[in-house]
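Take a look at the letters that make up each chain.
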Amino acid sequence: MRHSILAVLVLAGATGLAGCEKLPFGKSSAQETVDRAFQGVNAVDGTGLNDVMLQSADPDEAVRYFQRSAGQEPDRIEFQRGLATSLVRADRTTEAIAAWDKVVAHPDAAPDDRVALADALIRAGEWERAQATLNAVPPTHETFRRYRLEAMIADVNEDWSKADSFYETAVGLTTTPANVLNNWGFSKLTRGEHREAERLFTDAIRQDSSLFTAKNNLMLARSAQGNYALPPIPMTQEERAELLHTLGLAAIKRGDVALGKGLLEDALETHPQHFEAAARALDALGQVASAR
């Protein structure tokens, strides 16, 4: 079983540069100024700008920045790390894996770099290599990210006891466990442990009331137990309509067609705008009924 697992600083102020005079080596004066600006930043305050590019910049812009920086100073591992991280953010996973491979081979590589490589490998669906990469991380390196990935791999291998252990450890290593609780709940849901899944999704929502994925998954866990009532959780009017839609479809799938139709009608009426998905589902139900 594989789960999909599973998201600027304007580059150097070059405004006001007059014209685009060509230099002997083929660069414009504007580009030469930008390059010099980055060289100065790298030498004086590279770490601060690196953080800004990783946290705030457009991912593709960050990739270009770190490519330029790594090209100028190829031995500096922070630029290689920045490039690899930015490639992941830009969804350029194949390139990211190659970049992380380079980081891991660097003399100054740290255990976190192998964990980041495993993360990129999981995104690419290379589960066996991801597991081998994590196996090479010292057992004393106990971080939230490491255990979250270990849990995901255990899920793929259907090693449920390990998955539960890793999820529990990961939850204890972060102050923001909502997403990992949601992942753990989904793992329980796929195993058919619906009551436990419901508890975990509820915990995830308690930690982060904006996490709609956990709310939607909670509807699946409740409907699998024949419970189609909306629980008392924070939700907007649009979310309420979406959740009613999920419950309606789940009811129909379980054979509770009349109840499901009523839930879809409620969803259509609740949504602040036209709810196309609910309307299509109701039309399909009508077509099936008329064909009988």
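Residues numbered from 1 in each chain as written. Predicted model: local features only at pLDDT ≥ 70, side-chain atom pairs only at ≥ 80, totals over all residues. Heavy atoms only, no water.

## Considering the packing of aromatic side chains
Line of reasoning, step 1. Tallied over the full model, the rule gives three aromatic pairs.
Line of reasoning, step 2. Ring centres 5.9 Å apart and planes at 35° place the aromatic pair Tyr147 and Phe166 in the tilted group. In this pair, Tyr147 sits in helix α7 (residues 144-156) while Phe166 sits in helix α8 (residues 160-172), placing the two residues 19 residues apart along the sequence.
Line of reasoning, step 3. Relative to Trp184, the ring of Tyr167 has its centre 5.9 Å away and its plane inclined at 15°; by these criteria the two rings are stacked. Here the residue Tyr167 occupies a position in helix α8, and Trp184 occupies one in helix α9 (residues 178-191), the gap between them amounting to 17 residues.
Line of reasoning, step 4. On the basis of relative accessible area, Trp184 is assigned to the buried category, the value being 11%. (Phe/Tyr/Trp six-rings, centres within 6.5 Å; stacked < 30°, edge-to-face > 60°. Helix = DSSP H or I, 4+ residues; strand = E, 2+ residues; numbered from the N terminus. Buried < 20%, exposed > 50% of the residue type's maximum accessible area, 1.4 Å probe, protein only.)

## Looking at the packing of helix α3 (residues 77-89) against helix α4 (residues 93-104)
Line of reasoning, step 1. Contact pair α3 / α4: the axes reach a minimum separation of 8 Å and the direction vectors enclose 160°. In terms of their interaxial angle, α3 and α4 are classed as roughly antiparallel. Seen from above, α3 lies across α4 with left-handed handedness. Between α3, through Ile77, Gln80, Arg81, Ala84, Thr85, Leu87 and Val88, and α4, the contact on the second element is made entirely by Glu95, Ala96, Ala99, Trp100, Lys102 and Val103. (Axes fitted to C-alpha atoms, helices over the stretch in contact; angles between N-to-C directions. Parallel < 35°, antiparallel > 145°, perpendicular 65-115°, else oblique. Left-handed = near helix turned anticlockwise from the far one by under 90°. Contact = heavy atoms within 4.5 Å.)

## Considerations on the layout of surface pockets
Line of reasoning, step 1. Here the second largest pocket is characterised by a volume of approximately 160 Å³.
Line of reasoning, step 2. Looking at the second largest pocket, the residues that line it are Leu189, Leu220, Ser223, Ala224, Thr246, Ala250, Lys253 and Arg254.
Line of reasoning, step 3. The set of elements that each furnish at least two residues to the lining of the second largest pocket consists of α11 (212-223) and α12 (237-253).
Line of reasoning, step 4. Looking at the lining of the second largest pocket, its residues break down into four nonpolar, two polar and two charged. (1 Å grid on protein atoms, 1.4 Å probe; cavity = no way out; pocket = protein on both sides within 12 Å on 5 of 7 lines; lining within 4 Å. Points joined across faces, edges and corners; volume = space filled by probe spheres on them. Nonpolar A, V, L, I, M, F, W, Y, C, P; charged D, E, K, R; others polar.)

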